[in-house]
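Each chain is listed here by its residues.
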Amino acid sequence: MTFTLMGIPGLEAQHLWLSLPFFMFLAILISNGAILFMLAREPTLHTPMYLLLALLMVADLISTLALLPKLLCLFWFNDRDIAVNACFTQMFFIHGTSVVRSALLVAMAFDRFVAVCEPLRYNTVLSHSLVGRLGLMALAKGVILILPMPLLLQRLTFCHMVIPHTYCDHMAVVKLACDDTRPNRIYGLFVILLVVGLDLVLIGFSYGLILQAVIRLNSRDAIYKALNTCSAHLFVILITYVPALFSSLTHRLGHNIPPHAHILLANLYLLIPSMFNPIIYGMKTKDIQVKVAKCLCRRHS
């Protein structure tokens, strides 16, 4: 049994042209791969912040590899068919990496809290073993929360086999079923509320404590340094959660929004973080800038 991916409804004739912006696939692979290579190669960057950043970029790469190869085959070669098991596997990796990414952002918020509020105890509190446990907890959260989605879908009978999407989105597949889909819909909403709601509360709590500590500082330079320490992480939070929340709200409430707008938003919220995370950390993190400059100087010499 196979599903058929429609692509972007109403814009099928423009699929070839629409594929051009998705060449960011190469940019994502190169930029994330370069940062990961540098983090692995430089012992001075084996600190908690950069180890968490490396885990975040691995999640970004997995999400991109789960989405873009099939999407580009659809756009370029009109290869629309996808086996049911392959569809459920793609769904698991795309949604699972989104949950892992969100959990890692919570861990990075805790990292920034310790860096600003307890700088003298930073290396004691955030040991490599703790970072490893935080990474395993993020992975476990992604697997435990997302694995029931394809398992619940396997019990359904499908009346339609055409998915009006560019990938196997959970809600897009649920809408094809003939059976009662309330358990699937309720569980999907539960995951969104638990992941986005709880994670944003934890991140907000961390930054509330950071802001409280910053207000107590008397020196302007100290305040600037403390805020600059968190700036890259704050930018990443914005580009991760704002498109995701906007896409989720328009999918459920925006009944007057054209279908192709929903699909484009759903693709962008998956790809924008992967595209901009290396740029943000490259621009806002002095250590990475210095290492990049050294690598370029070595090659030039």
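Residues numbered from 1 in each chain as written. Predicted model: local features only at pLDDT ≥ 70, side-chain atom pairs only at ≥ 80, totals over all residues. Heavy atoms only, no water.

Under the annotation held in an unreviewed UniProt entry, the protein carries the name Olfactory receptor 52P1-like and is attributed to Bos indicus. Under the heading Subcellular location (unreviewed entry), UniProt records this for the protein: "Membrane". (UniProt positions renumbered as here; feature names shortened; annotations may be inferred.)

This part takes up the sheet that holds strand β1 (residues 2-5). Taken in spatial order, the 3 strands make up an open sheet running β2-β1-β3, and their pairing is mixed. If you trace the sheet from one side to the other, it starts and ends with β2 (81-83) and β3 (162-163), each paired once. Helix α4 (residues 84-117) rests against β1, β2 and β3 of the sheet, and its axis sits at about 85° to β2. (Pairing = 2+ DSSP bridges. Helix = DSSP H or I, 4+ residues; strand = E, 2+ residues; numbered from the N terminus. Contact = heavy atoms within 4.5 Å. Axes fitted to C-alpha atoms, helices over the stretch in contact; angles between N-to-C directions.)

Once that is clear, we can look at the UniProt feature "transmembrane region" (unreviewed entry) in the protein. The feature "transmembrane region" (unreviewed entry), as annotated in UniProt, sits at residues 20-39, 51-77, 83-110, 130-153, 186-210, 222-242 and 262-281 in this numbering. Counting secondary structure, residues 130-153 comes out at 96% helix and 0% strand; the distance between its end C-alpha atoms is 36 Å. Split by type, residues 262-281 is 100% helix and 0% strand. Its first and last C-alpha atoms lie 29 Å apart.

Before going further, it helps to examine the state of the cysteines. What the rule picks out here adds up to 2 disulfides. Disulfide partner of Cys-87: Cys-168, at an S-S distance of 2.0 Å. Between Cys-87 and Cys-168 the disulfide shows an S-S torsion of about -125°. By sign, it is left-handed. On the criterion of sequence distance, the pair formed by Cys-87 in helix α4 and Cys-168 in the loop between β3 and α8 (170-174) is long-range, its members being 81 residues apart. The pair formed by Cys-87 and Cys-168 is uniform in burial state, with each residue classed as buried. Linked covalently through their sulfurs, Cys-159 and Cys-178 form a disulfide whose S-S length is 1.5 Å. Highlighted residues: Cys-159 in the loop between α7 (148-153) and β3 and Cys-178 in the loop between α8 and α9 (182-216), separated in sequence by 19 residues. For Cys-117, which is in no disulfide, the shortest distance to another cysteine sulfur is to Cys-230 and amounts to 8.4 Å. (Disulfide = S-S within 2.5 Å. Buried < 20%, exposed > 50% of the residue type's maximum accessible area, 1.4 Å probe, protein only.)

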